[in-house]
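Coordinate inspection notes
What follows is each chain in one-letter form.
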Amino acid sequence: QVQLMESGGGLVQPGGSLRLSCAASESISGLYQMGWYRQDSGKQREMVALIDSYGDTDYADSVECRFTLSRDSTKNTVVLQMNSLEPEDTAMYYCYMWRPTYGGAWGQGTQVTVSS
């Protein structure tokens, strides 16, 4: 099964920006969906942003217009650019990849904390 390596989390002040990267251990080609979920303590895991093999993206309403998900197929990587961060964005962010052959796979997670 694919291995997903996340990087880029950290502490940022409200209004700041962070960039999360997720590198897959296999080529991101063929039929797939890839992106990010997040989970704050005591809350359910929620979808943040996803991109599919056709290049179509889907965003949570709460991050629309602030976050941008892109992919670099040559590096088997997706990147989440997060701008205008709010304290409500604080969570553990998990990279996610789905294929019809093996279903969903998760990364270990990277912490994002938005605080002054």
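The following paragraphs examine the structure supplied in this document. (Residues numbered from 1 in each chain as written. Predicted model: local features only at pLDDT ≥ 70, side-chain atom pairs only at ≥ 80, totals over all residues. Heavy atoms only, no water.)

With that settled, the discussion passes to the pattern of salt bridges. Close approach of charged atoms allows side chains of opposite charge to pair. For the structure shown, the criterion picks out five salt bridges. Across the pair Arg-99 and Glu-26 runs a salt bridge whose closest N-O atoms are separated by 2.6 Å. With a gap of 73 residues between them, Arg-99 in strand β9 (residues 91–99) and Glu-26 in the loop between β3 (18–24) and β4 (33–39) connect regions that are remote in the sequence. We note a salt bridge from Glu-86 to Arg-66, for which the minimum N-O separation is 3.9 Å. Within this pair, whereas Glu-86 is found in the loop between β8 (77–82) and β9, its partner Arg-66 is found in the loop between β6 (57–59) and β7 (67–72), the two being separated by 20 residues in sequence. Overall, Arg-66 belongs to the buried group, its relative accessible area being 12%. A cluster of three or more residues bridged by salt bridges with shared partners is formed by Arg-38, Glu-46, Arg-66, Glu-86 and Asp-89. (Salt bridge = Lys/Arg side-chain N within 4 Å of Asp/Glu carboxyl O. Helix = DSSP H or I, 4+ residues; strand = E, 2+ residues; numbered from the N terminus. Buried < 20%, exposed > 50% of the residue type's maximum accessible area, 1.4 Å probe, protein only.)

Read across the open sheet, the four strands follow the order β1-β3-β8-β7; overall the sheet is antiparallel. Edge positions in the sheet fall to β1 (4–7) and β7, since each of these pairs with one other strand and no more. Mean inter-strand twist for the sheet, computed between neighbouring axes without regard to direction, equals 15°. Here β7 runs beside β8; their pairing, made up of six bridges, is antiparallel. Across the sheet, the residue bridging to Thr-68 is Gln-81, located in β8. (Pairing = 2+ DSSP bridges. Axes fitted to C-alpha atoms, helices over the stretch in contact; angles between N-to-C directions.)

Quick look at the packing of aromatic side chains now. Applying the stated criterion across every chain, the model contains four aromatic pairs. Measuring from centroid to centroid gives 6.5 Å for Tyr-94 and Trp-106, while their planes differ by 90°, and the two rings are edge-to-face. A residue pair is termed long-range when its members are at least 10 positions apart, and Tyr-94 in strand β9 and Trp-106 in strand β10 (residues 103–106) qualify at twelve residues. For Tyr-94, a relative accessible area of 15% translates into the label buried. With a centroid separation of 4.7 Å and 50° between ring planes, the pair formed by Tyr-96 and Trp-106 is classed as tilted. Remark: Trp-106 occurs in strand β10 and Tyr-96 occurs in strand β9; sequence separation between them is ten residues. (Phe/Tyr/Trp six-rings, centres within 6.5 Å; stacked < 30°, edge-to-face > 60°.)

The next subject is the nonpolar core. Counting 30 residues, the largest nonpolar core has Leu-4, Met-34, Trp-36, Leu-80, Met-82 and Tyr-93 as its most contacted members. In this structure Tyr-93 touches Glu-6, Leu-20, Trp-36, Tyr-37, Arg-38, Val-48, Phe-67, Met-82, Gly-109, Thr-110 and Val-112, once residues within four positions along its chain are discounted. (Core = buried A, V, L, I, M, F, W, Y, C linked by side-chain atoms within 4.5 Å. Contact = heavy atoms within 4.5 Å.)

Below, the discussion takes up the pairing of strand β11 (residues 110–114). Burial of the side chains of β11 is restricted to one face: Thr-110, Val-112 and Val-114 are buried, whereas none of Gln-111 and Thr-113 on the reverse face is. Both strand β2 (residues 10–12) and β11 contribute to a ladder of three bridges, which runs parallel. The partner of Gly-10 across the bridge, within β11, is Val-112. Across three bridges, β9 lies against β11 in antiparallel orientation. Bridging across to β11, Tyr-93 finds its partner in Thr-110.

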